[in-house]
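# Inside the fold
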Amino acid sequence: MPVIGDGFRRELEARGISRREFVGFCAGVAAILGLPKSAVAQVARALETKPKPTLVWLELQDCAGCTESFLRASKPSAADVILDLLSVDYHETLMAAAGHRAEAALADVVAKKPGEYIAVVEGSIPTGNGYCTVGGRSAQQIVDDVCSHAAAVIAVGTCAAFGGLPAAAPNPTGGRSVGDAVPGIRKLVNMPACPVNGENLAALVTYYLTYGKWPALDHLHRPLFAYGKSIHDACERRAHFDAGQYVEAWGDAGHRAGFCLYKMGCKGPATFHNCPNVGWNEHTSWPVGCGHPCIGCAEPAFWDRMTPFYEHLAGVPGFGVGTSIDRVGAWATAAVAGTFTAHALVQLTRRKLAETAAKKQRAAESSAAPPQPQPKDKQP
Ligand code: SF4
Ligand code: F3S
């Protein structure tokens, strides 16, 4: 008698995903989750054998960037695997059905599976009159109905998690986060960033399918595996920050040498996300990695709090660590300028630079040795 996993494997094969690539995917998400190598087999077994939970994906006041990010993740794409693991009964961008038939599918899930399905919400919830209606219902009515009956709600992207761009001042549509719009949600997981990182979303769903529970969250309902450390903590340019080596102007020698972008407005010290470790576009790079400051896109009200993006904002609200960082930065700058020479600083800088170089080396070696898509040092 065929085991449940046979069907799943056939589905993956039909999509051109080999067993080897599937195990590589499992190793990748295990690394993002910070799980030991021994957990990879457990993850693979769980994904192959667990029943498919039902998922509905709502798109409200959004640009569909999170859907795009999810679909364009690594190969095999997160979507390739996850969409086979889930029963996606409603997704406005992906589903073939439209109009009344599509809305009937959504109503069916809510009526027949209350407390069983997962709702993913993309976009903020406009509360002003006449904004964003789907199938004759307002966004607020839809989330009241769908999210309050879901077993769990995953708010993907900064718009759904915190209101995002639509809620930026003066917030003409009265945009709100899902958590604010529907206070009675049973389990809320916020996955902010603009857009959500598809690898993180895949890791979140994989964790739930493997362990039957959601990972630990912080006070903003964000999973710690993806939002437990600041960008600054893991940044590859951190050694230059510690050494007081900053980019002073776009394209200057410091910029070309990969110096710290703090003075160009980098909000990495006030932003919590795992971009330096997980990266974007199939792990090829990330904003700071390609010479652009972090603009804090994963933080609440980033459009209001973190602008102007290209200015250093020492007094930005929430720059809690920034106060001491400003002091450290000033001290390091002074040291480099020759006010004094700190042996410890030099040692620290050398060690940090050596660690960064070793990390890059390991990453290069790992990527050349299949089937390990996610090197150990990529763990947060
Ligand atoms: Fe990296 Fe920005 Fe921190 Fe500099 S300020 S080390 S560029 S995160
Ligand atoms: Fe956003 Fe900063 Fe990452 S801008 S994508 S949180 S590096």
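Refer to the structure above for everything that follows.
Read on for a plain summary of the structure. As the structure is a computational prediction, the values presented were derived from the model and not from experiment.

## Observations concerning the site of ligand 2
Taken together, Ile-231, Thr-271, His-273, Cys-275, Trp-280, Trp-286, Pro-287, Cys-294, Ile-295, Gly-296 and Cys-297 make up all the residues around ligand 2. Partitioned by chemical class, the residues of the shell around ligand 2 number eight nonpolar, three polar and no charged.

## Here we look at the pattern of salt bridges
Enumeration over the complete set of coordinates arrives at eight salt bridges. One salt bridge in this structure joins Glu-48 and Arg-19, with 2.1 Å as the shortest N-O distance. Of this pair, Glu-48 sits in helix H3 (residues 39-49) while Arg-19 sits in helix H2 (residues 19-33); the two residues are 29 residues apart in sequence, bridging distant segments of the chain. With relative accessibility at 43%, the residue Arg-19 sits in the partly exposed group. Between Glu-299 and Arg-222 there is a salt bridge; the shortest N-O distance is 3.2 Å. Linking Glu-299 in the loop between helix H15 (275-278) and helix H16 (302-305) with Arg-222 in the loop between helix H10 (198-211) and helix H11 (224-227), this pair joins segments that are 77 residues apart in sequence. Looking at Glu-299, the relative accessible area reads 7%, which means it is buried. A cluster of three or more residues bridged by salt bridges with shared partners is formed by Asp-218, Arg-222 and Glu-299.

## Brief notes about the site of ligand 1
His-232, Cys-235, Cys-260, Leu-261 and Cys-266 are the nearest of the 13 residues found near ligand 1. Among the elements of the structure, helix H12 (231-234) and helix H13 (238-242) are those that each provide at least two residues to the shell around ligand 1. Taken together, the residues of the shell around ligand 1 break down into nine nonpolar, two polar and two charged.

## Some thoughts on H10
A rise of 1.5 Å per residue sets the reference length of H10, with its 14 residues, at 20 Å; its end C-alpha atoms lie 20 Å apart and thus fit the reference within 8%. Among the residues of H10, Gly-198, Glu-199, Asn-200, Leu-201, Ala-202, Ala-203, Leu-204, Val-205, Thr-206, Tyr-207, Leu-209 and Thr-210 are the ones counted as buried. Capping the start of H10, Asn-197 holds a side-chain oxygen 2.9 Å from the backbone nitrogen of Glu-199, two or three residues further along. Just downstream of H10, Gly-212 is the residue with a positive phi angle, here 70 degrees.

## Thoughts on unusual backbone geometry
Of note, the amide linkage connecting Ala-169 to Pro-170 takes the cis form, showing an omega dihedral of 10 degrees. Assignment of secondary structure puts Pro-170 in the loop between helix H8 (157-162) and strand S8 (175-176). Across the junction of Cys-194 and Pro-195, the peptide omega takes the value 10 degrees, indicating a cis bond. Looking at the secondary structure, you find Pro-195 in the loop between strand S9 (188-191) and H10. Even without being a glycine, Asn-171 presents a positive backbone phi close to 50 degrees. As for its position among the elements, Asn-171 is in the loop between H8 and S8. What makes Asn-171 partly exposed here is its relative accessible area of 21%.

## Quick look at the packing of aromatic side chains
Applying the stated criterion across every chain, the model contains nine aromatic pairs. For the pair Trp-250 and Tyr-310, a centre-to-centre distance of 5.6 Å together with 90 degrees between the ring planes defines the contact as edge-to-face. With a gap of 60 residues between them, Trp-250 in the loop between H13 and helix H14 (253-256) and Tyr-310 in the loop between H16 and helix H17 (320-337) connect regions that are remote in the sequence. Assessed through its relative accessible area of 44%, Trp-250 is described here as partly exposed. Tyr-310 gets classed as partly exposed once you look at its relative accessible area, which sits at 46%. Taken together through their ring pairs, the aromatic side chains of Phe-241, Tyr-246 and Tyr-262 make up a single cluster.

The rules behind the values
Residues numbered from 1 in each chain as written. Chains lettered and ligands numbered in written order. Predicted model: local features only at pLDDT ≥ 70, side-chain atom pairs only at ≥ 80, totals over all residues. Heavy atoms only, no water. Near = heavy atom within 4 Å. Nonpolar A, V, L, I, M, F, W, Y, C, P; charged D, E, K, R; others polar. Salt bridge = Lys/Arg side-chain N within 4 Å of Asp/Glu carboxyl O. Helix = DSSP H or I, 4+ residues; strand = E, 2+ residues; numbered from the N terminus. Buried < 20%, exposed > 50% of the residue type's maximum accessible area, 1.4 Å probe, protein only. Expected span 1.5 Å × (residues − 1). Polar contact = N/O pair within 3.5 Å; in protein donor to acceptor, adjacent residues only side chain to side chain. Phe/Tyr/Trp six-rings, centres within 6.5 Å; stacked < 30°, edge-to-face > 60°.

Keep in mind that these numbers describe shape and distance, not what the molecule does.
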